Amino acid sequence: MYVSWRKTLTEDLHCQYFEGQVYYTLNVLHEDIDNPDQRISQDVERFCRQLSSMASKLIISPFTLAYYTYQCFHSTGWLGPVSIFGYFVIGTVVNKMLMSPIVSKLVQQEKLEGDFRFKHMQIRVNAEPAAFYRAGRVEHMRTDRRLQSLLQTQRELMGKELWLYIGINTFDYLGSILSYVVIAIPIFSGVYGDLTPTELSSLVSKNAFVSIYLISCFSQLIDLSTTVSDVAGYTHRIGELQETLLNLSRQWKDHYLEAKTSWDLDKWGLDSSRSEEEMVPEDTAFLLERVTLAVPSSGKLLIKDLNLKISQGNNLLIVGNTGTGKTSFLRVLSGLWESTQGSVSMLTCFGPHGVVFLPQRPFFTDGTLREQVIYPLKEIYPLSGSADDERILRFLELAGLSDLLARTGGLDQQVDWNWYDILSPGEMQRLSFTRLFYLQPRYAVLDEATSALTEEVEHELYHTCIHLGMTLISVGHRTSLERFHSWILRLCGGGRWELTKNESTKCLLANKGC
Ligand SMILES: Nc1ncnc2c1ncn2[C@@H]1O[C@H](COP(=O)(O)OP(=O)(O)OP(=O)(O)O)[C@@H](O)[C@H]1O
C-alpha cells in the first residue's frame, strides 16, 4: 500500500485533511512538519552555525596560508608555492564552472521547497473549507504536482553535484600528488644533494603525500559522520511519522469506510454514465431523524433530538448566538462530523446536480481566475473543465467582480500572488458566489457567506441564487436574510432549538423551546 514514504506522507495527510478527521487527528508530528516558524528558526540556527564556522576558518586561513607558503618556499624554493598557487587557481576556475549551474538549481530548489511548504500550509489552514468543497482529490493532485517538480529539481541537482564532488575529489587527489612532485623536483635537481638518505627521507616524509591524503581522508570521514548522523536522525523521525500515519490510516479506515463510499467524488454529477434521475431520486436533500449533536472534543451539547427534512424550494435559515452550533450543524450535514445520536441522511450528491457548501471562510486554491471560479471541477475532470467563458464573465459581473478580470489580465493568466492577499474579505465572498453561480447546484449551503457585504449586495446575490433555482440553507445573523427563507431554525444553546415557518413566524416545532 505504501509505495514510498513521500507518497505515503502526501496521501495520508490529505486523507486526514479531507475526510473529516482533521478535527480529531492533527498531532504534534504534523504540527512540527508543517510549522514554518519552527522550520525557519531551525534553518536560521543551522545557517548561523555554518556562518560562525566559516568566519573562524576565514580568520585563521591567512595566517596558516602565509606560514605554510613560507615553509614550502623554504623547502622547495619558488617552484613549490608558484605551482601550488597555480594549481589552486586552475582548481578554482574548474570548481566555479561546475558550481554555477548548481547555485541556480539550488535557488530553484529552495523556491520549489518553499512553494511546496506553502501549499501544505494553505491546505492545513483551510482544511475545513476544502473539506466542505470535497476538494481532497484536487488539492492532493496540486500538492503532488508541486512535490514532483521539487523532486525532479532535486534529482537534477544531485546529478550536477555528482560532477562537483568528482571535481573536488580529483582536485584533492592531484593536490596530494602535487605536494609529492613539488618536493621531488628539487631533490632530483640536486638541491638536497648534500643530505644523507636519512635526512632526505625525513624531508620527504615532512611533505609526504600520505599525511596530506590522510588528513583529507579524515576530514572526509568526519564530514561523512555528520551526514550519517543527520540521516540517522531523519530516518528515525520519518519512521515515527510513518508509524503514526499508519495508525491514523487504520483508524480512518475503520471509522470512515462507510462514509467515504457514500461521499465519493464520483457522485459529483459529472460522471456521464449516471443519469440525473439515478443520482437525485427525491426532491429531498437532507433527512434528519432525532439528531443529537455534541462537540466531539468537549462533548458540549449543541442540538438535541432534531427532526428535519430539507427539501427543494424550502429555504432554511439557521440562526442563533455565536457558539450555539450553526457551523457544527453544517458539518454534520456535510458528513465532516458525525451526530452523537440519530441519523443524518444526505439524499443528494455533491456538486452541480446536488449540493455545494460555501464555507464560512472562503477557500481559494493557487491558480488562475478561471480555476478559482470553476473550482474544484477542472482538476478532477479535465475535459469537463473547458468552461464557457461567457458564463464565467456573466457570473463575475453578477457578483460585482468584473474588474477582477482586468486585474488578473484574463481568465487564464497565470498569477503568482496569493488570492487571500489581493482580495478584500468582501471580494472573497463575491468570488465564492461566482463559483456558486457557475456550479449552479440544486442546493446551496451558505455559512455566513455575505457577512462582509452590504445588505444591498447580499440581496442581489441571494436573489441571483434563487433565480438560478437553488434551494438555500443559510447560516446568518442579519434579519434581512429572513425574507429569502421559508423556514428558520433557531439554535439556542444547550441542545435547545426552535423551528419556525417564516410566513407566520409561528413556532411549529421545538424541543424545549428557546
Ligand atoms: N474544530 C473544533 N474542535 C472543537 N470544538 C469546536 C470546533 N469547532 C467548533 N467548536 C466548538 O463548537 C461550538 C460550536 O461552534 P460553531 O462553530 O458551530 O458555532 P457557531 O454557532 O457557528 O458560531 P459563529 O456564529 O461564531 O460562527 C463552539 O463552542 C466551538 O468552540
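- An unreviewed UniProt entry lists the chain under the name ATP-binding cassette sub-family D member 4 isoform X9, from Alligator sinensis.

1. Let's talk about the overall build of the chain
Phase 1 of the analysis: Summing up its helical and strand segments, the chain has 18 helices and 10 strands in all.
Phase 2 of the analysis: Within the chain, buried positions represent 42% of all 514 residues.

2. So, the sheet that holds strand 1 (residues 284–294)
Phase 1 of the analysis: A sheet is described by the order of its strands in space; here three strands give the open sequence 2-1-4, paired in antiparallel fashion. Looking at strand neighbours, the two that pair on one side only are strand 2 (301–311) and strand 4 (341–346), the edges of this open sheet. Strand-to-strand twist across the sheet, computed as the mean angle between neighbouring axes with direction ignored, equals 15 degrees.
Phase 2 of the analysis: Here strand 1 runs beside strand 2; their pairing, made up of seven bridges, is antiparallel. Bridge pairing in strand 2 places L293 opposite I303.
Phase 3 of the analysis: Across the sheet, helix 11 (residues 326–334) touches strand 1, strand 2 and strand 4, and the angle it forms with strand 1 is around 125 degrees.

3. Observations concerning unusual backbone geometry
Phase 1 of the analysis: Despite not being glycine, R290 has its phi angle at roughly 45 degrees, a positive value.
Phase 2 of the analysis: Inspection of the secondary structure puts R290 in strand 1.
Phase 3 of the analysis: Notably, D305 is not glycine yet its phi reads approximately 50 degrees, a positive angle.
Phase 4 of the analysis: Judged by relative accessible area, D305 falls into the partly exposed class, the value being 24%.

4. Topic: the site of the ligand
Phase 1 of the analysis: Around the ligand, the surrounding shell holds 17 residues, and the nearest of these are K300, G323, K326, T327 and S328.
Phase 2 of the analysis: Here T324 contributes a backbone N or O atom positioned 3.3 Å from an oxygen atom of the ligand.
Phase 3 of the analysis: A distance of 2.8 Å is found between an oxygen atom of the ligand and a side-chain nitrogen or oxygen belonging to T327.
Phase 4 of the analysis: Here the ligand has 630 Å² of accessible area as a free molecule, and 70% of this is covered by the chains.
Phase 5 of the analysis: Ranked by residues supplied to the shell around the ligand, first place goes to helix 11 with four residues.
Phase 6 of the analysis: Classifying every residue of the shell around the ligand by side-chain character gives three nonpolar, 10 polar and four charged.

5. Re the pairing of strand 8 (residues 487–493)
Phase 1 of the analysis: Alignment of strand 3 (residues 316–320) against strand 8, held across five bridges, turns out to be parallel. Looking at the pairing, V319 lines up with R490 of strand 8.
Phase 2 of the analysis: Of the pairings in the sheet, the one linking strand 8 to strand 9 (residues 496–501) comprises six bridges and is antiparallel in character. Bridge assignment links L491 to a residue of strand 9, and that residue is W497.
Phase 3 of the analysis: Here strand 8 hands over to strand 9 after two residues, with G494 in that stretch at a positive phi of 65 degrees.

6. As for the packing of aromatic side chains
Each aromatic ring pair is described using two quantities: the centre-to-centre distance and the angle formed by the ring planes.
Phase 1 of the analysis: Following the criterion strictly, the structure yields 10 aromatic pairs and no others.
Phase 2 of the analysis: An angle of 65 degrees between the planes, with centres 5.6 Å apart, marks the rings of F363 and Y375 as edge-to-face. On the criterion of sequence distance, the pair formed by F363 in the loop between strand 5 (355–358) and helix 12 (369–374) and Y375 in the loop between helix 12 and helix 13 (377–380) is long-range, its members being 12 residues apart.
Phase 3 of the analysis: The exposure class assigned to Y375 is buried, which follows from its relative accessible area of 2%.

7. Concerning the environment of H459
Phase 1 of the analysis: Turning to its location among the elements, H459 is positioned in helix 18 (residues 455–467).
Phase 2 of the analysis: Sequence separation of H459 and R483 is 24 residues, and the distance between their C-alpha atoms is 9.5 Å.
Phase 3 of the analysis: Those residues in contact with H459 that lie beyond four places of it in its chain are R483 and F484.

8. Quick look at helix 11
Phase 1 of the analysis: Burial runs high along helix 11: nine of the nine residues are buried.
Phase 2 of the analysis: Burial in helix 11 covers these residues: K326, T327, S328, F329, L330, R331, V332, L333 and S334.
Phase 3 of the analysis: Taken from the residues just after helix 11, G335 is the one with a positive phi, measuring 85 degrees.

9. Observations concerning the side chain of S474
Phase 1 of the analysis: For S474, the position within the fold is in strand 7 (residues 471–475).
Phase 2 of the analysis: Classification of S474 as buried rests on a relative accessible area of 0%.
Phase 3 of the analysis: At a separation of 3.0 Å, a polar atom in the side chain of S474 contacts the side chain of Y462.
Phase 4 of the analysis: Side chain to side chain, S474 and H485 meet in a polar contact 2.6 Å long.
Phase 5 of the analysis: Each residue touching S474, except ones within four places of it in the same chain, is listed here: L316, L317, I318, L446, Y462 and H485.

10. Some details on the pattern of salt bridges
Phase 1 of the analysis: Applying the stated criterion across every chain yields a total of 15 salt bridges.
Phase 2 of the analysis: A salt bridge links R142 to E371; its shortest N-O distance comes to 3.1 Å. Residue R142 is found in helix 7 (residues 136–188), and its partner E371 is found in helix 12; the two are separated by 229 residues along the sequence.
Phase 3 of the analysis: Overall, the relative accessible area of 4% leaves R142 in the buried class.
Phase 4 of the analysis: E458 serves as the salt-bridge partner of R478, at 2.8 Å between the closest nitrogen and oxygen. You can see R478 sitting in the loop between strand 7 and strand 8 and its partner E458 sitting in helix 18, a full 20 residues away along the chain.
Phase 5 of the analysis: Looking at E458, the relative accessible area reads 2%, which means it is buried.
Phase 6 of the analysis: Salt bridges sharing partners connect three or more residues here, namely K119, E139, R142, R146, D366 and E371.

11. Side note on the nonpolar core
Phase 1 of the analysis: Ranked by size, the top nonpolar core spans 45 residues in total, and within it L431, F433, L436 and L446 carry the most contacts.
Phase 2 of the analysis: Listing elements by their share of this core, those giving two or more residues are strand 3, strand 5, helix 12, helix 14 (389–398), helix 17 (425–439), strand 6 (443–447) and helix 18.
Phase 3 of the analysis: For this core, the element with the most residues is helix 17, which contributes seven residues.
Phase 4 of the analysis: Discounting residues that sit within four places of it in the chain, L431 has contacts with F364, L369, Q372, V373, L396, L401, L404, W419 and L423.
Phase 5 of the analysis: One finds L288, L336, F357 and L499 within the second-largest nonpolar core, a separate group that totals 33 residues.

What counts and how
Residues numbered from 1 in each chain as written. Predicted model: local features only at pLDDT ≥ 70, side-chain atom pairs only at ≥ 80, totals over all residues. Heavy atoms only, no water. Helix = DSSP H or I, 4+ residues; strand = E, 2+ residues; numbered from the N terminus. Buried < 20%, exposed > 50% of the residue type's maximum accessible area, 1.4 Å probe, protein only. Pairing = 2+ DSSP bridges. Axes fitted to C-alpha atoms, helices over the stretch in contact; angles between N-to-C directions. Contact = heavy atoms within 4.5 Å. Near = heavy atom within 4 Å. Polar contact = N/O pair within 3.5 Å; in protein donor to acceptor, adjacent residues only side chain to side chain. Areas by Shrake-Rupley, 256 points an atom, 1.4 Å probe, with all protein chains shown as cover. Nonpolar A, V, L, I, M, F, W, Y, C, P; charged D, E, K, R; others polar. Phe/Tyr/Trp six-rings, centres within 6.5 Å; stacked < 30°, edge-to-face > 60°. Salt bridge = Lys/Arg side-chain N within 4 Å of Asp/Glu carboxyl O. Core = buried A, V, L, I, M, F, W, Y, C linked by side-chain atoms within 4.5 Å.

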